[in-house]
Amino acid sequence: MFSSKTIRLVLAGIFAMASMGRAAADQANVAVAANFMDAAKEIAAAFKAKTGHEAVLSFGASGPFYTQITQGAPFQVFLSADDARPKKLVEDGLAVPESRFTYAIGTLVLWSKTPGLVTGVETLKSGHFAKLSICNPVAAPYGAAAVETMKSLRLYDQLQPRLVEGANITQAFQFVETGNAELGFVALSQLTGNDAGSRWVVPRELYSPIRQDAVLLKSGAGNPAAAGFIGFLKGPEGRAIIQKYGYDNDGPS
Amino acid sequence: MLEISAEVWQAARLTLALAATTTVILLIVGTPLAWWLARSKAWWTEAVATVVALPLVLPPTVLGFYLLVALGPNGPGGWIAGAWGGRTLAFTFSGLVIGSVLYALPFVVQPIRNAFMAIGDRPLEVAATLRATPRRAFWTVAVPLARPGFLTGAVLGFAHTVGEFGLVLMIGGSIPGRTRVLSVAIYDFVEASRWYEANILAAGMVIFAFVVILAMTMIEKRSARLRP
């Protein structure tokens, strides 16, 4: 069907592309918690503009990322949605201990696309909805925070039959966005630049703080792009972008 | 430990129920479709056959995305759900059945169509000369002759539904007892670092797949021997 010359050309092309990826030393693969997607994209763009280094971003739930990293996934930096998994990676000897820091503190929001539906705790109590979307509470910290919030309000048992679970926060958002669930617990960062619908920013005392920690993985210890990206996150430009997306920071470092 | 096995059994029962329902619907819907595809001389027959075959090539995320929208309150799924006071077919067993039927359609239609085509015109013409109505000829000649095709189709449709993951993940919402099927349960266990349960389920799936493929091969061998 194809001539051997064509096949050889295609193969040569594939190898060239594969080796290009490896040859570029100033490139870091970054595993990013799904809630931080938009902020991370903007930070990576600013990082590239400033340093020329490239951060290649992968998005997902923190749980699977942790599992993948313990199994040797080729990431050099991990931006988790919690502080437990980066800590565990340090204990596992897979991350550089002194590199661990809190890059963002997340905010949980109850959100609906229907204007006026979400007004506050009373929305959850009223139960005027069929499906409430959260993300997997075991794998994703925002899911755990959502469950904790419902438990603090003593509404968990009552709401549990109506819960639908996304594999990560992006999917929990998607269930609400497509209207399949009337409302859901999402990250405030996901609503940046989106004034539609109705929302209730969950008060901090209802759930333990979502401290999102970043860590440099051992595999990235000698990689200038990886260390540079962590530094950039800590710096003024990084912090400004992080705040813009609705996260809090720890005091100036 | 007891609770663990309850969770696992629940997922297994649900998966079997989903696969069985899907297979029955696929045989009911797929047989006339396969018959028409095998017999039709219309120029657009192959276009229809191609549409049926699309799930073979499309990633489950494509179908999952379309279904998420179509099953929702702004799509046909929402109107249907409205009939009994629901607002979406996503996150329901019915929704999963719809998705699985679409996704496994080629696996059932293709073998049955091939079997119908392999019969050729001759046996049906003979039946007609013996004054069998087309309907009678279909039931007493075509269907018995195409039996291996039906078996293959049913086994493949069932097995493929058991093995389906991406689609269910996208439209299911992982509700225990309703949409958390085995493949999603395995994913959840791995995510939660509960590798013991993940291992049990994964090993079970490997054995299941082995048995299915072996059974398929045996069926084909036997029908090849029986063929005149």
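In this numbering scheme, every chain counts its residues from 1 along its sequence in written order. Note on labels: chains are lettered from A, ligands numbered from 1, in written order. Local features in this predicted model are restricted to residues whose pLDDT is 70 or higher, and side-chain atom pairs enter the listing and the counts only when it is 80 or higher, whereas totals over whole chains, interfaces and linings include all residues. Water and hydrogen atoms play no part in the side-chain values, which are based on all heavy atoms of the structure.

Colleague: I'd like a rundown of the overall build of chain A, residues and numbers included.
Modeller: The numbering of helices and of strands both runs from the N terminus, where a helix is a DSSP run of H or I of at least 4 residues and a strand a run of E of at least 2. Within chain A, the secondary structure is distributed over 10 helices and 10 strands. Taking all 253 residues of chain A together, 52% fall into the buried category. Look at the contacts in chain A between residues 6 or more apart in sequence, and 77% of them connect residues 24 or more apart. Surface summary for chain A: the accessible area is close to 11100 Å², and the carbon and sulfur share equals 57%. Relative accessible area decides the class of each residue, using a 1.4 Å probe on protein chains only: under 20% of the type maximum gives buried, over 50% gives exposed, and in between gives partly exposed. Whether two residues are in contact is decided by their heavy atoms, any of which lying within 4.5 Å being enough. Note on areas: Shrake-Rupley, 1.4 Å probe, and residue coverage restricted to the protein chains presented here.

Colleague: Describe the side chain of Ser80(A), and please don't skip the residues or the numbers.
Modeller: All names here are of chain A. Locating Ser80 in the fold gives a position in the loop between strand S3 (77-79) and helix H4 (84-91). A residue is classified by how much of its surface remains accessible, and Ser80, at 0% relative accessible area, is buried. Reaching out from Ser80, the side chain makes a polar contact with the side chain of Asp82 at a distance of 2.5 Å. Non-local contacts of Ser80, meaning those with residues more than four positions away in its chain, are made with Ala33, Ser62, Arg85, Pro86, Tyr103, Gln212 and Asp213. Pairs of N or O atoms are called polar contacts if they sit within 3.5 Å, as long as, within protein, a hydrogen donor faces a hydrogen acceptor (for residues adjacent in sequence, only side-chain-to-side-chain pairs).

Colleague: Which residues make up the domain arrangement of chain A, and what values go with them?
Modeller: All names here are of chain A. What the domain assignment reports for chain A is domain 1 (4-105 + 212-244) and domain 2 (108-201). Each of domain 1 and domain 2 has a C-alpha centre, and the two are 29 Å apart. With 13 residues of domain 1 at the contact, the number on the domain 2 side is 11 residues. Buried surface area refers to the total accessible area, computed with a probe of radius 1.4 Å, that the two partners give up upon joining, counted for both partners together. Summing the contributions of domain 1 and of domain 2, the shared interface buries around 810 Å²; its carbon and sulfur component is 58%. Contact with domain 2 buries area across many residues of domain 1, yet Ala34, Asn35 and Ala61 alone supply 46% of it, more than any other trio. Salt bridge, as applied in this entry: a Lys or Arg side-chain nitrogen positioned within 4 Å of an Asp or Glu carboxyl oxygen. Run the count over domain 1 and domain 2 and you get 0 salt bridges. All domain edges in this entry derive from an automatic or database-based domain assignment.

Colleague: Could you give an account of unusual backbone geometry, naming the residues involved and the relevant values?
Modeller: Here the phi dihedral of Arg154(A) falls at roughly 55 degrees; this positive angle occurs in a residue that is not glycine. A positive phi is found at Ser174(B), a non-glycine position, where the angle reads about 50 degrees. Tracing the backbone shows Ser174(B) in the loop between helix H9 (166-172) and helix H10 (182-191). Here Ser174(B) falls in the buried class, since its relative accessible area comes to 9%.

Colleague: An account of the sheet that holds strand S1 (residues 27-33) of chain A is needed here, citing residue identities and associated values.
Modeller: All names here are of chain A. DSSP calls a pair of strands paired once it identifies at least 2 bridges connecting them. An order of S2-S1-S3-S10-S4 is seen for the 5 strands of this open sheet, with the pairing classed as mixed. Looking along the sheet, the strands with just one partner apiece sit at the ends: strand S2 (54-60) and strand S4 (101-106). Going from strand to strand, the sheet's axes swing by 20 degrees on average, the running direction of each strand aside. Relative to strand S10 (residues 210-216), S4 runs antiparallel, the two sharing 5 bridges. What sits directly across from Gly106, in S10, is Ile210. To obtain each axis, a line is fitted to C-alpha atoms, and for helices this fit is confined to the stretch in contact; angles are then taken between N-to-C directions over 0 to 180 degrees.

Colleague: For a positive patch on the surface, give the residues involved together with the corresponding values.
Modeller: All names here are of chain B. A surface patch of positive charge is lined by Arg147, Lys221, Arg222 and Arg225. Top element by residues in the positive patch is helix H11 (residues 195-226). It accounts for 3 residues. Within the secondary structure, Arg222 sits in helix H11. Each patch is built from salt-bridge-free residues with over 30% relative accessible area, joining like charges within 9 Å and nonpolar side chains (Val, Leu, Ile, Met, Phe, Trp, Tyr) within 5 Å. Only four residue types enter the charge count: Lys and Arg as positive, Asp and Glu as negative, with His and the chain ends excluded. Charged groups are reduced to one reference atom each: NZ for lysine, CZ for arginine, CG for aspartic acid, CD for glutamic acid.

Colleague: Got a sec to walk through a nonpolar patch on the surface? Specific residues and values, please.
Modeller: Residue and element names in this part refer to chain B. A cluster of nonpolar side chains, contributed by Ile207, Phe210, Val211, Leu214 and Met218, occupies part of the molecular surface with about 530 Å² of accessible area. Of note, Leu214 is situated in helix H11. The class for Leu214 is partly exposed, based on a relative accessible area of 44%.

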